[in-house]
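So the chains spell out like this:
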Amino acid sequence: MAKKVKKMKRLTDQMRGKLILVFIGIICLFFILAVRLTYWTVNKGSEFETKVLGQQKHDSSVIPFERGKIYDRNGNILATNEKIYTLVLEPKNILLRKKKYEAATINALHEYFGFSKKNLKKVIEGNKDSYYVVYKKNMTYDEVAKFQKFLDMADDSTKGVSDAKKAKIESAKQVKGISFEEDYKRIYPYNSLACRILGFTSSGNVGNWGIEQSYNEQLNGVNGRAYYYFNEELDQEQTVKEAKNGNSVVSTIDMQIQKIIEEKLNDFDSKIGSKITNVLVMDPQNGEILGMASSNPYDLNEPMDEKKLLSLYSQSEIDEMKAYTKEKEAEEAEEEESGEESSEAETEQEDKDTEKKKTIYDAFYELWRNAIISDTNEPGSTYKPFTVATGLESGVLTGNESYFCTGSLMVGKRNIGCSHIHGNITLKDAVAKSCNVAMMNIAFNEGAETFYNYQNLFGFGRSTGIDLPGEAETKNLVYNASNYSNSVTLATNAFGQNFNCTMMQMAAGFCSLINGGNYYRPHIVKQIQSDGGDVVKDVGKEVLRKTVSEETSASIRSYMQETVENGTGTKAKIEGYTIGGKTGTAEKIPRNKKDYYVSFIGFTPVEKPELLVYVTIDEPNVSFQANAGLAVELEKSCMEEIVNVLGIKPATSTKE
């Protein structure tokens, strides 16, 4: 049976009319909306843009802290800061109002800074949606000041001013979207002065070497922040958390003394020279370091100046190190990119292949390091007073002993020599004339246990505790009663050979010998001050231990006065002053090469020492290196000026 087809209804004329009216209504509504949007865009666009900007929260900006200053003991500034500025462009704001501010802003930047108009336009329009584009860094105050004064004219009134000034004011009002971020640059007013004491800073206020590193935490402060918004008038409103500046450090250094020793050292190096020459000045009564200097200073404001490396290396060596540095950096970058690590065997082989090669950074490390606390050497005869003090303090010596020196002493199968054939010699003269034979006999009488226990007490093989980075670890560079090899070791140690120490260890221990037996912690800082100048912390003298009695100390001082009056240190005499001291002439390894490390450590007044000056010269550039007189003369040239700086008066009577 066929299905019945349902008949479809057609639109009537009445239905068509209603539908047409609906479509016409919709079209009219769209037209009205389009007209309204056009009106708002043309007449209210800037107002809406302002409202939108006012609702936007801009990123906060950092308010940098100022790193604390470093002063010498008399308030002279050794390290300070200089404000620097970063020019920031805000292209989005510069291009507001149909770019009406752009031309004025570009013209002003060109006029005051000489920037290229073409480049400014390219940067601004190339970052049109940005509120933050760094255009130039490290601008000085002098560069920025005139421009900032010009911008401030935007707030001036145009009433009653000249046409020229009125034009300037109107021009300033048209400059938009420019700001300067402040920061600080570390400045060292005296360039290379005290370079190895102060150290320097790198990016991010990170201290490197010296006081800058040791007191980095105290010197650094805490950054502040400025949180800002645009209000409906497009003015910035800020909420500011102020920065907290770092504390300042008052060092024990006397700038006048530092200048003296650097001048004298430089004079010696220019006339004679050496592998390295060092001068250390201390106050024996409290452990304060008044000055320290070494050969080859560098400018703290330009610590990576390759020209300074020429004092240590040839240009060809520097070029080789630079090439090797690039090679190493490329290898490391390749390994990091690939994610592959060398096997232990490969790494070990690479270390063997490159152990003699240096990067340019290794070279700078050698330049920056402080040899006085980082280098170790056999001290030589400056150790002899310690050997004698050990005997006096332990009761092995009474002070009335005498010895017979034939010029050498057979120890086991070794014939160990002396500098001279002294014949009969008293204990005092054994120190004054630096007799090795007497010292060996004294050490044998003391015995290994007593000798090495006192050596440890005097600080050899131990950290001095100085508040500077880079102090050498010397525990394995000295012997003790359980590991000294044989009688030859004890014999040579008695006159300062066959063990190593730093200059700082020698000076700190020596101070205890001459100040009555107090071993003070050597220190380079005496006070921490707040940003406002209030005292945060006093760093006073600190006795770490007692080494000898006042009686032993007095005896040692008299023996060393004899050294200067009639012994090996006569060139150290300064008219009117009582001076004691000890020369040192250490033969370096290999012994057959005849290279020497010569030294002199002197002090004044003998009765109660206020000043100690220690000079070492490593391989002086002379045909006969074993001449401690070179060190004596350099020490004297320093001391005779330093006594005036410290106000140490001549004695009323001098020993004839």
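Residues numbered from 1 in each chain as written. Predicted model: local features only at pLDDT ≥ 70, side-chain atom pairs only at ≥ 80, totals over all residues. Heavy atoms only, no water.

The name given to the chain in an unreviewed UniProt entry is Penicillin binding protein transpeptidase domain, with Anaerobutyricum hallii as the source organism. As its UniProt record puts it under Sequence similarities (unreviewed entry), the chain is described as follows: "Belongs to the transpeptidase family." (UniProt positions renumbered as here; feature names shortened; annotations may be inferred.)

Residues Ile589 and Pro590 are joined by a peptide bond in cis, for which omega reads -5°. Within the element layout of this structure, Pro590 appears in the loop between strand E21 (580-587) and strand E22 (596-604). Note the cis peptide between Thr604 and Pro605, where omega equals -15°. Turning to its location among the elements, Pro605 is positioned in the loop between E22 and strand E23 (611-620). Despite not being glycine, Ser434 shows a phi value in the positive range, around 60°. Position of Ser434 among the secondary structure elements: in the loop between helix H17 (427-432) and helix H18 (436-446). What makes Ser434 buried here is its relative accessible area of 8%. Phi is positive for Glu619, close to 55°, though the residue is something other than glycine. Structurally, Glu619 can be placed in strand E23. Overall, the relative accessible area of 19% leaves Glu619 in the buried class. (Helix = DSSP H or I, 4+ residues; strand = E, 2+ residues; numbered from the N terminus. Buried < 20%, exposed > 50% of the residue type's maximum accessible area, 1.4 Å probe, protein only.)

What follows deals with the environment of Phe499. Checked against the element boundaries, Phe499 lands in the loop between helix H20 (487-494) and helix H21 (503-514). On the basis of relative accessibility, which here comes to 1%, the residue Phe499 falls in the buried class. Between the alpha carbons of Phe499 and Pro379 there is a distance of 8.0 Å; along the sequence they are 120 residues apart. With sequence-adjacent residues up to four places away left out, Phe499 is seen in contact with Asn377, Glu378, Pro379, Tyr383, Gln455, Phe460, Leu477, Val478 and Asn493. (Contact = heavy atoms within 4.5 Å.)

Looking at the element boundaries, Phe147 is found in helix H6 (residues 141-152). Under the relative-accessibility criterion, Phe147 is labelled buried at 0%. Along the backbone, Phe147 and Tyr112 are 35 residues apart, and their C-alpha atoms lie at a distance of 6.2 Å. Setting aside its immediate chain neighbours within four residues, Phe147 contacts Ala108, Leu109, Tyr112, Phe113, Ile178 and Phe180.

End to end, helix H12 (residues 315-338) covers 35 Å across 24 residues, agreeing with the expected 34 Å (1.5 Å per residue, within 8%). Buried within H12 we find Ile318, Met321, Tyr324 and Thr325. (Expected span 1.5 Å × (residues − 1).)

Spanning 17 residues, helix H22 (residues 550-566) covers 24 Å between terminal C-alpha atoms, matching the ideal 24 Å at 1.5 Å per step. Listed in full, the buried residues belonging to H22 are Thr552, Ser553, Ile556, Arg557, Tyr559, Met560, Gln561, Glu562, Thr563, Val564 and Glu565. Those residues of H22 that are buried are in contact with helix H16 (384-394), H17, H21, E21 and E22.

One pass over the structure, following the stated rule, counts 23 salt bridges. A salt bridge links Lys69 to Glu66; the nearest nitrogen and oxygen atoms lie 3.5 Å apart. A relative accessible area of 22% means that Lys69 is categorised as partly exposed. Across the pair Glu102 and Lys121 runs a salt bridge whose closest N-O atoms are separated by 3.7 Å. Of this pair, Glu102 sits in helix H4 (residues 102-113) while Lys121 sits in helix H5 (residues 117-126), placing them 19 residues apart in sequence. Exposure remark for Lys121: the relative accessible area of 39% places this residue in the partly exposed category. The structure contains a network of salt bridges with shared partners spanning Arg67, Arg186 and Glu212. (Salt bridge = Lys/Arg side-chain N within 4 Å of Asp/Glu carboxyl O.)

On the surface, a cluster of negative charge is contributed by Glu327, Glu329, Glu331, Glu332, Glu334, Glu335, Glu336 and Glu337. Mapped onto the fold, Glu331 is located in helix H12. Residue Glu331 is classed as partly exposed on the basis of its relative accessible area of 35%. (Patch = residues over 30% accessible without salt bridge, like charges linked within 9 Å, V, L, I, M, F, W, Y side chains within 5 Å. Areas by Shrake-Rupley, 256 points an atom, 1.4 Å probe, with all protein chains shown as cover. Lys, Arg positive; Asp, Glu negative; His and termini not counted. Charge placed at Lys NZ, Arg CZ, Asp CG, Glu CD.)

This part is about the nonpolar core. Among the nonpolar cores identified, the biggest contains 95 residues, and Ile211, Leu280 and Val388 are the most heavily contacted of them. Counting residues per element, this core draws most heavily on H21, which supplies 8 residues. Residues within four places of Ile211 in sequence aside, it is in contact with Ile70, Ile197, Leu198, Asn216, Leu219, Val249, Ser251, Leu468, Ile524 and Val525. Phe600, Leu630, Val632 and Cys638 belong to the second largest nonpolar core, which has 30 residues in total. (Core = buried A, V, L, I, M, F, W, Y, C linked by side-chain atoms within 4.5 Å.)

Counted residue by residue, strand E12 (residues 289-294) has 6 buried out of 6 residues, so it is predominantly covered. Two elements, strand E11 (residues 274-282) and E12, share 5 bridges in a ladder whose sense is antiparallel. When the sheet's bridge partners are listed, Val281 is paired in E12 with Gly291. Hairpin connection, E11 to E12: the antiparallel pair is bridged by 6 residues, and Gly287 has positive phi, about 85°. (Pairing = 2+ DSSP bridges.)

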